[in-house]
Every structure is written in C-alpha cells, then in structure tokens.
Amino acid sequence: MLRFDPFSELDVVARGLLSAGRETGSPRSPRFMPMDLYQVDDHYVLTADLPGADPGSIDVDVENGVLTLTGRRTAMSDSGVRWLTSERFSGVYRRQLALGDSIDTAGIAARYDNGVLTVTIPIAERAKPRRIVVEQSSDEPQCEQLAVESSASDDESRIDVAG
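On a predicted model such as this, the values are computed, not experimentally measured, just so you know. Sequence order as written defines the numbering, with residues in each chain counted from 1. In view of the model being predicted, local features appear only for residues whose pLDDT reaches at least 70, and side-chain atom pairs are presented and counted only at 80 or more, with totals across whole chains, interfaces and linings using the full set of residues. Hydrogen atoms and water are omitted, and side-chain values are computed over all heavy atoms in the structure.

Caption draft 1: Examining the overall build of the protein more closely. Across its full length, the protein holds 2 helices and 8 strands. Where helices and strands are cited, they refer to DSSP runs of H or I of at least four residues and of E of at least two residues respectively, numbered from the N terminus. The linear arrangement of helices and strands in the protein, starting from the amino end, is β-α-β-β-β-β-β-β-β-α. Relative accessibility thresholds used throughout: buried, under 20% of the residue-type maximum; exposed, over 50%; partly exposed, between the two (1.4 Å probe, protein chains only). Classification of the 163 residues of the protein by burial places 21% in the buried group. For the protein, restricting intrachain contacts to residue pairs at least 6 apart in sequence, the fraction spanning at least 24 positions comes to 56%. For this analysis, residues touch if any pair of their heavy atoms sits within 4.5 Å.

This is the structure:
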C-alpha cells in the first residue's frame, strides 16, 4: 500500500513559493507533475503528465521506500526569437511518493507514451490477501469424540452411584 506523506507535499509547495521570482536557471520552471494513482487487481498504476518531456531525461528511481519520478523539458533557444507569448514550462519536473512495505519494488515498471508516464507498481505476494483452506477429515473431530467419551463416562459413574 502506498503511504501519503503530507509534509513532503507541503515542502514542495513551500519551496515553490519561496523560490518564486528567483532565477533558477530558466525563466519558468514546472510547478508540479499532475498524476493519478489507482489500484487494479494486484498492482497500482500511476500515470503522470510530462508533456513535451525529453524521453531520454525521464528517470524513475526507488530508494529507501521512496519512488522518485523525474523528467526534463528543454526550453527553445532564445537566440533570434522575438517572443509574443511564452507560457509553456521548461525545466525539471519531479515528484516523490513514499511506498509502503507491501510493495514489490523489484517489479516496478515504467513506460512513457504521448507525454504520459505510466508506472506499474506491483503488490508484494506477502501482502496479498489469501484464503486459508480448512481441511475436514472423514472421522469425527477429536474434540467431539472427547466430549462423547466424557459424557459416556459421566453416565457410567452416575449409574454406579445410583445403583
């Protein structure tokens, strides 16, 4: 299961607010990486928007239970260009998620297609629910046999006492 860490998200927002107006190497930098996360059967699926990201710059890492998604969109050269409007972000996109103990980190897979990064996160076998089969023997269970034997011996003792 994935864990949500509200403090890491708050940290990202705070860094964004504090660095607003500062030069960070490019005139604009991405504000966030929108994503969806859902569960299908025995795995989670994470889809994240990385529009225009250079496919070679996309990186998915898992370290110490943290999944990190990184991608870069390169800005067009300003030389010989007179901008009329420039609203598209350039720079590095980055998102981190804390993973729970129930994740099979060795089985994580990622695919980038048409500006969308899809990460498949399998649930570990040990975390999957399983049904325990209850076996039945053809004979009566021992606890019932003991109860029958016990009541029979009580009846015998009563007969002896009464007789």
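There is more to say, and it comes next.
Caption draft 2: Quick look at the environment of Asp-54. Checked against the element boundaries, Asp-54 lands in the loop between β3 (43-49) and β4 (59-63). Taking the C-alpha atoms as reference points, Asp-54 and Gly-115, separated by 61 residues in sequence, lie 9.3 Å from one another. In this structure, Asp-54 is in contact with Arg-72, Arg-73 and Thr-74, ignoring residues within four places of it in sequence.

Caption draft 3: The arrangement of unusual backbone geometry in detail. Positive phi outside glycine occurs at Asp-41, with the angle close to 50°. Along the chain, Asp-41 turns up in the loop between β2 (35-40) and β3. The class for Asp-41 is exposed, based on a relative accessible area of 69%. Unlike most non-glycine residues, Asn-114 shows phi in positive territory, near 50°.

Caption draft 4: Spotlight on the pairing of strand β5 (residues 66-73). Being paired, for any two strands, means DSSP has found at least two bridges between them. Here β4 pairs with β5 via 5 bridges, running antiparallel. From the neighbouring strand, Val-60 faces β5, where its bridge partner is Leu-69. Here β4 folds back onto β5, and the loop between the two strands holds 2 residues, one of which, Asn-64, carries a positive phi near 50°. The sheet contact formed by β5 and strand β6 (residues 91-99) spans 8 bridges and is antiparallel. Looking at the pairing, Leu-69 lines up with Arg-95 of β6.

Caption draft 5: The arrangement of the pairing of strand β7 (residues 109-113) in detail. As judged from the 5 bridges shared by β7 and strand β8 (residues 116-122), these two strands associate in the antiparallel manner. In the strand pairing of β8, Tyr-112 is matched with Leu-117. Taking the residues that link successive antiparallel strands as the turn, the β7-β8 hairpin has 2 residues, and the phi of Asn-114 there is positive, at about 50°.

Caption draft 6: Quick peek at the nonpolar core. With 18 residues, the main nonpolar core has Leu-46, Leu-50, Leu-67, Leu-69, Val-119 and Ile-121 as its most contacted residues. For Leu-69, the residues in contact, after removing those within four places along its chain, are Met-33, Leu-46, Ala-48, Asp-59, Val-60, Tyr-93, Arg-94, Arg-95, Leu-117 and Val-119. We define a nonpolar core as any set of buried Ala, Val, Leu, Ile, Met, Phe, Trp, Tyr and Cys residues linked to one another through side-chain atoms lying within 4.5 Å.

Caption draft 7: Spatial organisation of the environment of Pro-51. Locating Pro-51 in the fold gives a position in the loop between β3 and β4. For Pro-51, a relative accessible area of 38% corresponds to the partly exposed category. A sequence separation of 22 residues divides Pro-51 from Arg-73, and the C-alpha atoms of the two residues are 8.1 Å apart. Contact partners of Pro-51, with chain neighbours within four places excluded, come to Arg-73, Tyr-93 and Gly-115.

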